[in-house]
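# Structural overview for review
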Amino acid sequence: MKPIIAVVGPTASGKTALAVALAERLKTEIISADSMQVYRGMAIGTGAPTPEEQARARHHFVGMLDPFEQFTAGTFGRQARVAAAMLNASGKPAIVAGGSGLYVRAFIDGLFPGPGKDESIRARLHAEAEFAGAAALYERLQAVDPAYAEIILPGDLRRIVRALEVFEITGQPFSKLHQEHREAEPPLDALLVGLDWPRDKLYARIDARVDAMLEAGFIDEVRLLMEQGYTERLMQLRTLGYREFAAHLLGRQTYEEARAAMQQNTRRYAKRQLTWWRGDSRIHWLPQSADTTPEQRADSIVALAGM
RNA sequence: GCCGAGGUAGCUCAGUUGGUAGAGCACUGGACUGAAAAUCCGGGUGUCGGCAGUUCGAGUCUGCCCCUUGGCA
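Calculation notes
- Residues numbered from 1 in each chain as written.
- Chains lettered and ligands numbered in written order.
- Predicted model: local features only at pLDDT ≥ 70, side-chain atom pairs only at ≥ 80, totals over all residues.
- Heavy atoms only, no water.
- Near = heavy atom within 4 Å.
- Polar contact = N/O pair within 3.5 Å; in protein donor to acceptor, adjacent residues only side chain to side chain.
- Helix = DSSP H or I, 4+ residues; strand = E, 2+ residues; numbered from the N terminus.
- Nonpolar A, V, L, I, M, F, W, Y, C, P; charged D, E, K, R; others polar.
- Contact = heavy atoms within 4.5 Å.
- Buried < 20%, exposed > 50% of the residue type's maximum accessible area, 1.4 Å probe, protein only.
- Pairing = 2+ DSSP bridges.
- 1 Å grid on protein atoms, 1.4 Å probe; cavity = no way out; pocket = protein on both sides within 12 Å on 5 of 7 lines; lining within 4 Å.
- Points joined across faces, edges and corners; volume = space filled by probe spheres on them.
- pLDDT = per-residue confidence, 0-100.

So, on to the protein's contact with RNA strand B. In the neighbourhood of RNA strand B, 51 residues make up the surrounding shell, with Ser 35, His 178, Arg 268, Arg 272 and Arg 278 lying closest. The sugar-phosphate portion of RNA strand B accounts for 58% of its atoms within 4 Å of the protein, the bases making up the rest. In the environment of RNA strand B, a phosphate oxygen lies 2.6 Å from a nitrogen or oxygen atom belonging to the side chain of Arg 122. Within the side chain of Arg 267, a nitrogen or oxygen atom sits 3.2 Å from a phosphate oxygen of RNA strand B. Listed by contribution, the elements that provide at least two residues to the surface near RNA strand B are helix H3 (73-89), helix H4 (101-108), helix H5 (119-132), helix H8 (157-170), helix H9 (174-184), helix H10 (199-215) and helix H14 (255-278). It is H14 that contributes the most residues to the surface near RNA strand B, nine residues altogether. Here the surface near RNA strand B is composed, by residue class, of 16 nonpolar, 17 polar and 18 charged.

Along the chain, the position of His 181 falls in helix H9. Discounting chain neighbours no more than four positions away, the residues touching His 181 are Asp 109, Gly 110, Leu 111, Phe 112 and Pro 113.

Consecutive side chains along a regular strand alternate between the two faces of the sheet. The element strand E5 (residues 190-196) is extensively covered by neighbouring structure, given that six of its seven residues are classed as buried. In this structure, strand E1 (residues 4-8) lies alongside E5, joined through five bridges in parallel fashion. Bridge pairing in E5 places Ala 6 opposite Leu 192. Inspection of the sheet shows E5 paired to strand E6 (residues 284-287) by four bridges, in the parallel sense. Note on E6: the bridge partner recorded for Val 193 is His 284.

So, on to the pairing of E1. Taken across its five residues, E1 has five buried, putting it largely inside the fold. A two-sided burial pattern is seen for E1, the buried positions comprising Ile 4, Ala 6 and Val 8 on one face and Ile 5 and Val 7 on the other. Bridge count for E1 against strand E4 (residues 94-97) is four bridges, and the pairing is parallel. For Ala 6, the partnering residue across the bridge sits in E4 and is Val 96.

With that settled, consider empty space enclosed by the protein. A water-sized probe rolled over the atoms picks out the places where empty space is left. Inspection of the entire model under this criterion finds one cavity of 30 Å³ or more. The space that makes up the largest cavity amounts to roughly 90 Å³. The wall of the largest cavity is formed by Val 8, Gly 101, Val 104, Arg 105, Ile 108, Asp 109, Leu 192, Trp 276, Trp 277, Asp 280, Arg 282 and Ile 283. Counting only elements with at least two residues in the lining of the largest cavity, the list comes to H4 and H14. Tallying contributions element by element places H4 first for the lining of the largest cavity, with four residues. A per-class count over the lining of the largest cavity returns seven nonpolar, one polar and four charged.

Where the model shows low pLDDT, its predicted coordinates should not be examined in detail. Confidence in the prediction of chain A, expressed as mean pLDDT, is 92, and 98% of residues score 70 or more. Among the prediction metrics, the complex's ipTM stands at 0.90, with pTM recorded as 0.91.

See the structure below:
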């Protein structure tokens, strides 16, 4: 029996409903690996588990932070491992469900024990990039960590800054720390299950889910966040849906434009999620269709896990 | 009905003096270890409305037809 069952898949693939059904069967709790559902006041637009779903199974890492607070994959990975260990200690498996690939990886594989982010270093490096161009920073990365420079692309400023930040703090190349961690620390023992929909069915589910969010009062949710002063935060996060409807509420686009953009950007996000997981050979992909229920899916996974 | 404008990629359009077509968006493939619903990179997918004519060669010139659209009736 596996101590961890991780349910992954693109947005709108039914991870939450499946996780709840699984948790009920196994009498355990759910660890949400979702970088946006951790925030309060964003339940509708992030498709967070409903109060009813949370009553059926306890969810960790949902609605626990103010949108102004910073959260990172590293923090999540550490805290989630603690939560899973506590469940395992009382004889329960941990159900992990989430769409944030990096969060799932931080949990299962762990991140190297290097430094977290340093806002002042990042601000300085971004200012440098503004002044001298991203290419100048990329050249510096080539000098201090040629192996990593080879992996990322010269235009990927975010990763260039991160790697230089790690080098400044530790004096070690990013790729070396990464490599050492992989060799030193094995991944957690987990059953990885992927929800696999035909592309057209998945896109139809995404479009329908956006409309369901709008009917559930998504615009009011965005308006309330803006009234509370989170406008820039929402725009800075560029969070799916919130960005589009914040722009709508600011008069920059019509309702229909915002709705269409939210659906399109969500479809693109789903595509990126699929790319992330397609390369992971540990995942058992379960073909999905509309005529199976979350309960039936949960039963087949319980069987797969040998529990 | 008459006059004008236009039919080229899924959409909006570009296309010199005739040399079998290309931009943006859409779509799609990929990368990715502390901002990750973020960030970055690659890929042109086509009866050029139809049929004939001129020509070595037609998206391009000519004729007829079909369709869309604006104006006048």
